[in-house]
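# Structural description and commentary
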Amino acid sequence: MNNEEIIIEGPNVAHGAESATDHHGHEHHEQHFIWKYIFSQDHKVIGRQFLVTGIIWAIIGGLFSVFFRLQLGFPDSTFPIMEKFLGDWAKGGKLTPEFYYALITMHGTILVFFVLTAGLSGTFANILIPFQVGARDMASPFMNMLSYWFFFAASICMFTSLFVETGPASGGWTTYPPLSALKEASLGSGVGMDLWLLGMALFVVSSLLGGLNYITTILNMRTKGMTMTRLPLTVWALLFTAVLGVLSFPVLFSGVVLLIFDRNFGTSFYLSEIFIGGKALPHIGGSAILYQHLFWFLGHPEVYIIMLPGMGMASEVLSTNSRKPIFGYFAMIISLVGITLLAFVVWAHHMFVTGMSPFLGSIFVLLTLLIAVPSAVKVFNWLTTIWRGNIRFNPAMLFALGFVSLFISGGLTGIFLGNSALDIHLHDTYFVVAHFHIVMGVSAFFGMFAGTYHWFPKMFGRFMNNTLGYIHFFITFIGAYLIFWPMHYEGIAGMPRRYYDYSAWESFKHFQGVNAFISIVAIIVFFAQLLFVVNFFTSIWRGRKMTTLNPWGSTTLEWTTPINPGHGNWVGEIPEVYRWPYDYKDDGHGNDFIPQTTPLRPGEEEH
Amino acid sequence: MSVLITVALVVLVFIIIYQIGKASEYSVILRGEEKVKAQANRAVAFLLLLLFPLGCWGIWYCNSIFKDRLLPVAACPTGVNYDSMFNMTVLVTGIVFFLTQFVLFWFCFKYQSTDKRTTFFFAHNNKLELIWTTIPAIAMAILVAIGLRNWYDVTSPAPPNATVIEIMGKQFNWLVRYPGKDNELGKRDFRKINDANNVMGLDWSDPHNMDDIISQNGELHVVVNKPVKLLINSRDVIHDVGLPHFRLKMDAVPGITTTLWFIPTITTDSMKIITKNPDFVYEISCDQLCGKGHYSMRGTIIVQTQAEYDKWMASQQSYYAGNNPSATPAVDTTKAQPKNEVKAVTMK
C-alpha cells in the first residue's frame, strides 16, 4: 500500500510523514491542547482516553463490590463509613435492600460494558490495530473520536443515574422486564432505569462506531507485505471482537428500544397479564421471554467480546516472553473463528429454566459444549508455547500466565453450566457467579493487565514499576482463587445469587462464615488494585524512561515506531513487512528474534 | 476514630509498598540491571512453582470445610441422576484441571530464563493439534449424551397420576393452590385479582374454583413417592421456583405457565434424621431477581405420608369459603398460625 494514500488530512492532524522529514517544518504547527488531548483524532490518544476512563469506572465498580460484600459478609454489622459515601442509602451504616440491588446492578453493568468492553477493546483496539497492521491511524479518525465521546456521554448518563432520588437501575445487569419495565415493581425501575437504557443506547452507538472502524482498518489499511496471515494474533482477536460487537450490539439496541416503548409509550412487547401495585395492567399478549432472547443474543457474544482481546494479548505476551513462536498460529486463528461463529448460536443456554422447549434446549446444549473444543485447543497451544521456552517473568508475562490458569478454571465450570441437566440446579446460584467472575471477570482483567504492563512503554514512553507489578499479580491471583473457589461450593449447595441476606434460610445460613471470609479477601484484593492504579498514574510521569525502541525484543511493528510517536506513528515511510510475527529464532547476529520488517534471508523459508 | 485509624493504616501500607517498589528501582541501578532481573526471575519462578502445591492444599482444605455443609442426598430420582452426572463431570473436568494447571506451573519453573538455554523453535505440529482437538470433542460428546438423557428425563411429560398443584409467585411470596376435592383447578383471570379476597384471580363463575384451596404462607404439601406436577406462573414480575433439595428450578413468568414434575422420595421427617438437623425443611427459593424483597421470598415443601397429607388436607378450608364467611362458618385456626411464620422472613 502506498504510503501517501494513508496520510491523514485535516486541520487537527500533524502531517506525519512530512513533518518528520523536516522539509515542510514550517507547515507543522503545534496543535492546541484541546485538539491534541481532548477531541483528539489520534488513535493513540483515543486509546489512552478509553484506558483512563475504563480505570476510573473500574474503581467505581470495584468500590461498589466492596460495599455489597460488606453487607453479604457481615449482615449484622453496621459500617458508618458507608453512610459517608452513600448517604441515606446506607443510613446508620447499613445498606438498604433497594440500594444493595442497585449496587449489584451497577457493578455488573459498569464492569461488563464500561470497563471490560469499552475500557478493554476500546483501549487496545485503538492502540494496537494501527500500530500492528502498519497504518498511520484508523480508517476514520473522526468516527474513532466520536466513538470515544459517545462512550463518554454514555458514562455521564450512567454516572448521573447514581444520584437520582429513586436510585440507579436495580434489576440486575440483565434488567429483565417486567421488573425493569414497571415503575411499581421496584424503586430502581424509575428514572434510574431510563438513564440506564439511554446510557446503554449511547454505549451501543459508541461500540458500533468503534467496531466498524477497527474492521475497516484491519481489512484495508495493512502496510505492504502485511498479509492477513502475517497479522499478530492480537489483531486477529480484535478483529473478531469487533465483528461480534457489530453483529450483536444492534440486537441489544432493539431490545432496549422496545423496553423504552413498554416503559413510556404503553406498548406490550414484554408485558402480559400483570397485577402490580394493587391493580391489573392493561397489557396482554407480550412475552417477558422475548427480551431475554434479545438481550442474550448480545449478552452471550458479549462474553467473547470481553474474552477475545485478552486471548489475543495473552498469545502475544506469552510468545514474546517465552522467546518462542506461538504454537499453532493457524489453529489459533481457526479456533477464534470457531468461537466467534459458535458465540452467535449459544445464547439460549442462559435461558434453560425459562420453560423453553426441551428440544430447543438440547440443541443449545450441544452447541454450547462445542465451544469447549476451540477453547481447549487454545489452552493446549498456550501451554505448548511456553514448553521449552526461555521464560522471562515480567509483570505482563505473569498476568498472561494467570490468564491461562484462570481461563482453564473458569472454562471448565462452563461445562457444568452449559449442560442443561446440570444447569437446572446450578442456574442462578453462586456457582454461576463463581464461573463467570473467574472466566470473564478476573481472566479478562488479567488479559487487560498483561496488555497494560506490556504496552505501557509504547503508550507513555516509560515503564511501570516491576516490583509493584509483582506484588499486584500475586495478591490478585491468589485472591481471585480465594474469593471465587469457595463460591462454587455455595452454588453446588444451591445458594441463590443476588440475595441481600441469607440468615432466614435454613439451607443457606450456615455459609455465613464463608461469606465473611470471601468479603475480607475481596476487600484486600480491591486495595491491591489501587496499588496498580497508583503505579499506573505515577509511572506516566515518573516511571523509568524507555531508552531503547524495542524493550521486550518483540517482532511486531509497533516497536519500530519512535519512543513517543507523533500522529502518523512512523517517521518517514511505513515499514514493509516480510514475515510472520512470531519468528523468535536466531537471526544469525546473536539476537533471538527477527522483526517482521527483516527481509527473508536467502534460502530461508517463510513460516 | 476507628475509621480514621483504619484509613491511616491503609494509607501507610500503601506508602510502604510504594516505597519498596521505588527502592527496587534504585537497586536495579546500583546493582546492575541484568543481575537484579535474573534474581527476580528465579524468585518468581520459584514462587509460581510453590503456587501449585499450595493451591492443591487449599482445595483439599476447602473440601474439608464444605464436606458436611453441602446438600443432603437428593430427594427425588431425577435428583439422584443429577448427583451422579455432576460427580462424573467433576471427575472429567477435575482431571483436566489438575493436569493443565500442573503443566502450566511446572513449565514456568522448568523453563525459566537462563543464559544457557536456547529455545526450541516449535511453530506447529498437525498430529498434536489433531489429538487435542479430538479428545475434547469426544469427552464433550459423552457429557452431552449423559446430559441430554437426564434432561429429557426431567422435562418429560408428567405421569397421568401426578397431583397437580399450582404455584404462583408474587412480590414477595408464593401462593400455592390445590385443586380440592374435584381434583380440578378452576379458571383464573389476572383482571379478577384482588388482594383482599381473591389473591390469584379465581373466576367464581367456574364451579371448579369453589373447592380450591390456596395457601398463602408458601407451604407446599406433597405426598411421598407420589408424582407431583407444578403449574408455575407469576402475578407480577419473573420469579423462579428453586428446589435445591430436588435439584430443580423453573422460572415463574407472568402470562406464561411453566411446569415441573418430580417424585419426592424422602419425607421431611426422614430428612431431619438423615441430616441430623431437627429444623430441617425443604425450602423453595426464588432464584430470579424480583425486587427488593427477592431474598426473603421463601417457601417450604412439606413431604409427608399419604395419611399425614390427608389429615392436613381435611383441616383446610376452601379459599372461597374462607373469604365468604357467610357461606361456611370459619374454621380459620389452621390458617392463622402458619401466617405468623411467613412474617418472620417476609420484608417489612
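Conventions and cut-offs
Throughout, residues of each chain are indexed from 1 in the direction in which the sequence is written. Chains and ligands are labelled by the order in which they are written, letters from A for the one and numbers from 1 for the other. In view of the model being predicted, local features appear only for residues whose pLDDT reaches at least 70, and side-chain atom pairs are presented and counted only at 80 or more, with totals across whole chains, interfaces and linings using the full set of residues. Each helix is a run of H or I in the DSSP string that is no shorter than four residues. Each strand is a run of E no shorter than two, and both are numbered from the N terminus. The exposure label follows from counting other C-beta atoms within 10 Å of a residue's C-beta, where the C-beta atoms are placed from the backbone and the thresholds are 20 or more for buried and 12 or fewer for exposed, leaving partly exposed in between. Residues are treated as contacting if the C-beta atoms built from their backbones sit within 7 Å of each other. Lines fitted to C-alpha atoms define the axes, with helix axes restricted to the stretch in contact, and inter-axis angles between N-to-C directions lie between 0 and 180 degrees. For this classification, under 35 degrees means roughly parallel, over 145 means roughly antiparallel, 65 to 115 means roughly perpendicular, and everything else is oblique. Throughout, a crossing is termed right-handed when the near helix is turned clockwise from the far one, and left-handed when it is turned anticlockwise from it by less than a right angle. Throughout, the ten residues Ala, Val, Leu, Ile, Met, Phe, Trp, Tyr, Cys and Pro are labelled nonpolar, Asp, Glu, Lys and Arg are labelled charged, and all others, Gly among them, are labelled polar. Pairing between strands is defined by DSSP: at least two bridges between them are needed. An automatic or database domain assignment supplies the residue ranges for each domain. Note on scores: pLDDT gives the predictor's confidence for each residue, bounded by 0 and 100. By convention the nonpolar core is taken to be a set of buried residues drawn from Ala, Val, Leu, Ile, Met, Phe, Trp, Tyr and Cys and joined through C-beta atoms within 7 Å. A helix is expected to reach a length of 1.5 Å times the quantity of its residues less one.

### Considering the overall build of chain A
- The helix and strand inventory of chain A stands at 17 helices and two strands.
- Its C-alpha atoms give chain A principal-axis dimensions of about 80 × 50 × 50 Å.
- Across the 607 residues in chain A, those meeting the buried criterion constitute 63%.
- A separation of at least 24 residues holds for 78% of the contacts in chain A among residues at least 6 apart in sequence.

### Some words on the packing of helix α16 (residues 466-492) of chain A against helix α17 (residues 512-542) of chain A
All names here are of chain A.
- Direction vectors running N to C along α16 and α17 enclose 155 degrees, while the axes themselves pass 9 Å from each other. Between α16 and α17, the angle is such that the two are roughly antiparallel. Pair α16 / α17 crosses with left-handed handedness.
- Looking at the contact of α16 with α17 residue by residue, the classes come out as 17 nonpolar, five polar and one charged.

### A short note on the environment of S161 of chain A
All names here are of chain A.
- The residue S161 is located in helix α6 (residues 141-161) in this model.
- The spacing of S161 and P602 is 441 residues in sequence and 64 Å in space, taken between C-alpha atoms.
- For S161, the residues in contact, after removing those within four places along its chain, are P168, A169, G192, L195, W196 and G199.

### Digging into the pairing of strand β7 (residues 248-252) of chain B
All names here are of chain B.
- The element β7 is extensively covered by neighbouring structure, given that five of its five residues are classed as buried.
- Here β7 shows no split at all, with L248, M250 and A252 on one side and K249 and D251 on the other all buried.
- Bridge analysis of strand β6 (residues 239-243) against β7 gives five bridges, and the strand direction is antiparallel. Bridged to G242 within β7 is K249.
- Connecting β6 to the next strand, β7, in antiparallel fashion are four residues, including R247 with a positive phi near 55 degrees.

### Brief notes about the sheet that holds strand β2 (residues 173-178) of chain B
Residue and element names in this part refer to chain B.
- Read from one edge to the other, the open sheet built from five strands follows the order β3-β2-β1-β5-β8, with strand pairing classed as mixed. Taken across any chain shown, the strands that pair with only one partner, and hence form the sheet edges, are β3 (213-215) and β8 (258-262). The mean inter-strand angle of the sheet, taken between neighbouring strand axes irrespective of direction, is 25 degrees.
- By the bridge criterion, five bridges tie strand β5 (residues 228-234) to β8 in an arrangement that is antiparallel. Paired with K229 across the strands is W261, a residue of β8.

### So, the interface of chain B and chain A
- The interface is formed by 95 residues belonging to chain B together with 103 residues belonging to chain A.
- Those elements that provide at least two residues to the side of chain B that touches chain A are α1 (2-31), α2 (33-66), α3 (77-110), α4 (126-155), β6, β7 and β9 (282-286) of chain B.
- The biggest single contributor to the side of chain B that touches chain A is α4 of chain B, with 15 residues.
- Counted by class, the side of chain B that touches chain A contains 54 nonpolar, 24 polar and 17 charged residues.

### Considerations on the domain arrangement of chain B
Residue and element names in this part refer to chain B.
- On domain assignment, one finds that chain B holds domain 1 (9-70), domain 2 (71-114 + 122-156) and domain 3 (163-343).
- Relative placement of domain 2 and domain 3: their C-alpha centres are 39 Å apart.
- Taken together, the contact pairs 10 residues of domain 2 with 12 residues of domain 3.
- Looking at the side of domain 2 that touches domain 3, its residues break down into eight nonpolar, two polar and no charged.

### Concerning the environment of I146 of chain B
Residues and elements named next belong to chain B.
- Checked against the element boundaries, I146 lands in helix α4.
- Residues I146 and N81 lie 65 residues apart in sequence; the distance between their C-alpha atoms is 9.8 Å.
- Those residues in contact with I146 that sit more than four places away from it in its chain are M85 and M88.

### Quick notes on the environment of K22 of chain B
Residue and element names in this part refer to chain B.
- Along the polypeptide, K22 turns up in helix α1.
- The exposure class assigned to K22 is partly exposed, which follows from the 15 C-beta atoms found within 10 Å.
- A C-alpha to C-alpha distance of 55 Å links K22 and H245, two positions 223 residues apart in sequence.

### With respect to the sheet that holds strand β10 (residues 298-304) of chain B
Residue and element names in this part refer to chain B.
- Ordered by their spatial adjacency, five strands build an open sheet running β4-β10-β9-β6-β7, and the pairing between neighbours is mixed. Two strands bound the open sheet, and with one partner strand each, they are β4 (219-223) and β7. Ignoring which end each strand starts from, the neighbouring axes of this sheet average 25 degrees apart.
- In the packing of helix α6 (residues 306-314) onto the sheet, contacts are made with β4 and β10, and the angle to β4 comes to roughly 135 degrees.

### Some thoughts on the confidence of the model for chain B
All names here are of chain B.
- Averaged over chain B, the pLDDT score is 89; the fraction of residues at 70 or greater is 93%.
- Low confidence marks residues 328-348, where pLDDT is under 50. Its contacts with residues over four positions away, or in another chain, come to 27 contacts.
- Reported confidence for the predicted complex is 0.90 by ipTM and 0.92 by pTM.

### Observations regarding the nonpolar core
All names here are of chain A.
- Core analysis: the biggest nonpolar cluster contains 281 residues, and L238, L239, A314, F399, A400, V404 and A450 have the highest contact counts within it.
- The leading source of residues in this core is helix α5 (residues 97-133), at 23 residues.
- Ignoring sequence-local partners within four residues, the contact set of A400 consists of A314, V317, L318 and A450.

### Details of α2 of chain B
- Here α2 of chain B spans 48 Å end to end across 34 residues, near enough to the 50 Å set by a 1.5 Å rise per residue.
- Among all positions in α2 of chain B, only V44, L48 and L51 of chain B are buried.
- Structurally, α2 of chain B contributes buried residues whose contacts are with α13 (395-418) and α16 of chain A together with α3 of chain B.

### Focus: unusual backbone geometry
- Backbone torsion omega between P177 of chain A and P178 of chain A reads 5 degrees, so that peptide bond is classified as cis.
- With respect to the element layout, P178 of chain A can be found in the loop between α6 and α7 (191-220).
- Note that the residue after Q171 of chain B, namely F172 of chain B, is joined by a cis bond; omega there is -10 degrees.
- Looking at the element boundaries, F172 of chain B is found in the loop between β1 (163-170) and β2.
- Look at N569 of chain A: it is not a glycine, yet its phi comes out positive at around 70 degrees.
- Looking at where N569 of chain A falls in the secondary structure, it is placed in the segment after α17.
- The phi dihedral of K276 of chain B falls on the positive side, at around 55 degrees, and the residue is not glycine.
- Within the fold, K276 of chain B resides in the loop between α5 (268-274) and β9.

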